[in-house]
Amino acid sequence: MSNVPITVAHGDGIGPEIMDATLHILKEAGARIDIETIDIGEKVYLSGNSAGIAPESWESLRRTKVFLKAPITTPQGGGYKSLNVTVRKTLGLYANVRPCVSYHPFIRTKHPVMDVVIVRENEEDTYAGIEHRQTDMVEQCLKLISRPGCEKIVRYAFEYAVTNNRKKVTAFMKDNIMKQTDGLFHKVFDEISAEYPGIEADHWIVDIGAAKMADTPENFDVIVMENLYGDILSDVAAQIAGSVGLAGSANIGEQISMFEAIHGSAPRRAGQNLANPSGLFLGSVMMMVHIGQPDVAEAAHNAWLRTIEDGIHTYDIFKEGVSKEKVGTKEFAEAVADRLGQKPETLKAVEYKQVEEVAEADKKPIYSVLNPAKKELVGVDVFLHWWNGNYYGAGADLGPKLEAAANGDGLKLVMISNRGTKVYPKGFEDTFCVDHWRCRFMADEEGKSISHQQVIDLLSRVNQGGFDFIKMEHLCTFDGEPGFSLGQGQ
Ligand code: NAD
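A short tour of the structure in this document, coming up. (Residues numbered from 1 in each chain as written. Predicted model: local features only at pLDDT ≥ 70, side-chain atom pairs only at ≥ 80, totals over all residues. Heavy atoms only, no water.)

1. Points about the nonpolar core
Moving on, step 1. Grouped together as the largest cluster of nonpolar side chains are 75 residues, with contacts concentrated most on Tyr-103, Val-169, Val-224, Met-287, Met-288 and Trp-304.
Moving on, step 2. If we skip the residues at most four places from it in the chain, Trp-304 touches Tyr-103, Leu-246, Ser-278, Phe-281, Leu-282, Phe-332 and Val-336.
Moving on, step 3. Counting residues in hydrophobic clusters, the runner-up holds 26 residues, among them Leu-377, Val-380, Leu-384 and Leu-411. (Core = buried A, V, L, I, M, F, W, Y, C linked by side-chain atoms within 4.5 Å. Buried < 20%, exposed > 50% of the residue type's maximum accessible area, 1.4 Å probe, protein only. Contact = heavy atoms within 4.5 Å.)

2. Here we look at the pattern of salt bridges
Moving on, step 1. Tallied over the full model, the rule gives 27 salt bridges.
Moving on, step 2. Across the pair Asp-115 and Arg-166 runs a salt bridge, and its minimum N-O distance is 2.9 Å. Pair noted here: Asp-115 is in strand β5 (residues 115–121) and Arg-166 is in the loop between α5 (147–163) and β8 (168–173), with a separation of 51 residues, a long-range link.
Moving on, step 3. Notably, a salt bridge pairs Arg-339 with Asp-310, separated by 2.7 Å at the nearest N-O pair. Of this pair, Arg-339 sits in the loop between α11 (329–338) and β15 (375–385) while Asp-310 is found in the loop between α10 (294–309) and β13 (312–313), placing the two residues 29 residues apart along the sequence. (Salt bridge = Lys/Arg side-chain N within 4 Å of Asp/Glu carboxyl O. Helix = DSSP H or I, 4+ residues; strand = E, 2+ residues; numbered from the N terminus.)

3. So, the environment of Thr-22
Moving on, step 1. One can find Thr-22 in helix α1 (residues 15–28).
Moving on, step 2. Sequence separation between Thr-22 and Pro-277 is 255 residues; the distance between their C-alpha atoms is 6.6 Å.
Moving on, step 3. Residues within four places of Thr-22 in sequence aside, it is in contact with Leu-68, Pro-277, Leu-280, Phe-281 and Ser-284.
Moving on, step 4. Here Ile-18 takes part through its backbone oxygen, which lies 2.8 Å from a polar atom of the side chain of Thr-22. (Polar contact = N/O pair within 3.5 Å; in protein donor to acceptor, adjacent residues only side chain to side chain.)

4. Notes on the sheet that holds β5
Moving on, step 1. Strand order in the open sheet formed by ten strands is β2-β1-β3-β12-β11-β4-β5-β10-β8-β9, and the pairing between neighbours is mixed. Both edges of this open sheet fall to β2 (33–38) and β9 (200–205), since each of them pairs with a single strand only. For this sheet the average axis-to-axis angle between neighbouring strands, irrespective of direction, equals 25°.
Moving on, step 2. The strands that α5 touches are β4 (95–101), β5, β8, β9, β10 (222–225) and β11 (248–252); relative to β5, the one it contacts most, it runs at about 160°.
Moving on, step 3. Its contacts with the sheet place helix α9 (residues 278–290) against β1 (4–9), β2, β3 (66–69), β4, β11 and β12 (257–261), and it is angled at close to 155° to β12. (Pairing = 2+ DSSP bridges. Axes fitted to C-alpha atoms, helices over the stretch in contact; angles between N-to-C directions.)

5. Some remarks on a nonpolar patch on the surface
Moving on, step 1. Side chains of Met-137, Trp-387, Tyr-391, Tyr-392 and Phe-432 sit close together on the surface and give an oily, nonpolar patch of about 480 Å² of accessible area.
Moving on, step 2. By secondary structure assignment, the location of Tyr-392 is in the loop between β15 and α12 (395–406).
Moving on, step 3. Judged by its relative accessible area of 47%, Tyr-392 is partly exposed. (Patch = residues over 30% accessible without salt bridge, like charges linked within 9 Å, V, L, I, M, F, W, Y side chains within 5 Å. Areas by Shrake-Rupley, 256 points an atom, 1.4 Å probe, with all protein chains shown as cover.)

6. Comments concerning the pairing of strand β18 (residues 436–443)
Moving on, step 1. Within β18, seven of the eight residues are buried, which leaves it mostly tucked inside the rest of the structure.
Moving on, step 2. The pairing of β15 with β18 spans seven bridges and is classified as antiparallel. Bridging from a neighbouring strand, Val-382 pairs with Cys-439 of β18.
Moving on, step 3. Relative to β18, strand β16 (residues 411–418) is paired through seven bridges, and the arrangement is antiparallel. From the neighbouring strand, Leu-413 faces β18, where its bridge partner is Phe-441.

7. A closer look at the packing of α12 against helix α13 (residues 452–464)
In helix packing, the relevant descriptors are the interaxial angle and the interaxial distance, both defined with respect to the helix axes.
Moving on, step 1. At a closest axis distance of 8 Å, the pairing of α12 and α13 adopts a crossing angle of 120°. Between α12 and α13, the crossing angle belongs to the class labelled oblique. For the element pair α12 and α13, the recorded crossing hand is right-handed. Mapping the contact onto sequence places Leu-402, Ala-405 and Ala-406 in α12 and Leu-458, Arg-461 and Val-462 in α13.
Moving on, step 2. Partitioning the contact of α12 with α13 into residue classes produces five nonpolar, no polar and one charged. (Parallel < 35°, antiparallel > 145°, perpendicular 65-115°, else oblique. Left-handed = near helix turned anticlockwise from the far one by under 90°. Nonpolar A, V, L, I, M, F, W, Y, C, P; charged D, E, K, R; others polar.)

8. Overview of the site of the ligand
Moving on, step 1. The environment of the ligand is formed by 18 residues, the closest being Asn-84, Gly-264, Ala-266, Asn-276 and Tyr-315.
Moving on, step 2. Glu-260 is positioned such that a nitrogen or oxygen atom in its side chain is 3.5 Å from a nitrogen atom of the ligand.
Moving on, step 3. Within the side chain of Tyr-315, one N or O atom sits 2.9 Å away from a nitrogen atom of the ligand.
Moving on, step 4. When the free accessible area of the ligand is taken as 810 Å², the share hidden by the protein chains comes to 66%. (Near = heavy atom within 4 Å.)

Have a look at this one:
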């Protein structure tokens, strides 16, 4: 069997040490890989490349399609973009997979029975980074959730469960509040879970779900989430399992995949042979399965479990009375290599199988191609920067002024809200208001659609009335279903 080319970046801080340790174990375990090394991170940023990765490095990634990446240091200040977010989004690495496992009684944890895999959506949500200051008082971040994005991540979670013999997939979302975005995620979860009758499907509102995960993680198996919830809760899950220093992660795309530790470059520990290489190593185990060398993954992972069980620990997980020997990065890797061929005695040994190649023709599409819906424009939300100096009761002042200036031509003001809460008509004096107003105009005849030209003319009247409009959003129905939420109290 020929070697598999992979791209490797040694990163910054503790990166080079933990990468050497990881590659040492893989080599001793017989990994059949050819390594292409690229530079990323601090050095590249400081050379004037604000993306932190050189053009020729992208070529290597496109060629090998497999990236083993050590953590990097993002210089503070300046216009540096997060390399991780750049790589994930540019290469379409849509699924971030983080297994969070406890190793009781060998590594201290409050949760002796924990084996949770977080599947985090990696491309959209508030991570689009589309943010604007709109008024003196208000900043906005756009949360974008797409149907194909939800389909890809939810299907990935169920396929992961099938391949890895998992029993249950749980979704966390906040669709009681975000009925459109998180509502779509929930809807897609219900649709796709129905295709997997052998896997239990379950869902929680993210706040209580997070609380339950932190309290009784043994009740969870695979958890699928949008980007931001997944970012936060995968760190929580890794930490309560024992340490963020122990968790690895895979970033999976349709073509290219990236494997890494979840922790950063820990600059204060760099160059001292202190760092724990386990996070990156466990990321590399996922890589070996991914590239079709489950034999290597299994041998290396079991040797690692045996090392942990034998109490050979780096400083971060060393505990007097439990650990036997405190070792450095290099010695830890040598201890794992020495145990190749052995299995853990108390902890559960791992087994990895060859992931069967599915013929291109038999592959299930991971997202559907949508037929465009019948879309009708039924209204418009016009956002204003407006301030009369009063935090309370200003909606009752704004409403009649705006009506006088803008109503007409088949359109009328039906509601004004301030940060989502209705303040006109019939607002409460008690509602705290800032200088950012959402003013909803709809056809003056119930159920009638409106035209783009009517919207343009409306904006003209709003402008001529002396109002500073900062943006607008169309209110549409899609196949008759409203594609917009009501104001709180509307
Ligand atoms: P960090 O994860 O580097 O360190 C947090 C704490 O954990 C520190 O006390 C550190 O000593 C300890 N720690 C982390 N990994 C360890 C290991 N393998 N062994 C032993 N101890 C370990 O987080 P930070 O200090 O917030 O960030 C440092 C730098 O890393 C920043 O520049 C940040 O931008 C970057 N970062 C990079 C990545 C990545 O490349 N994937 C991820 C997170 C942070």
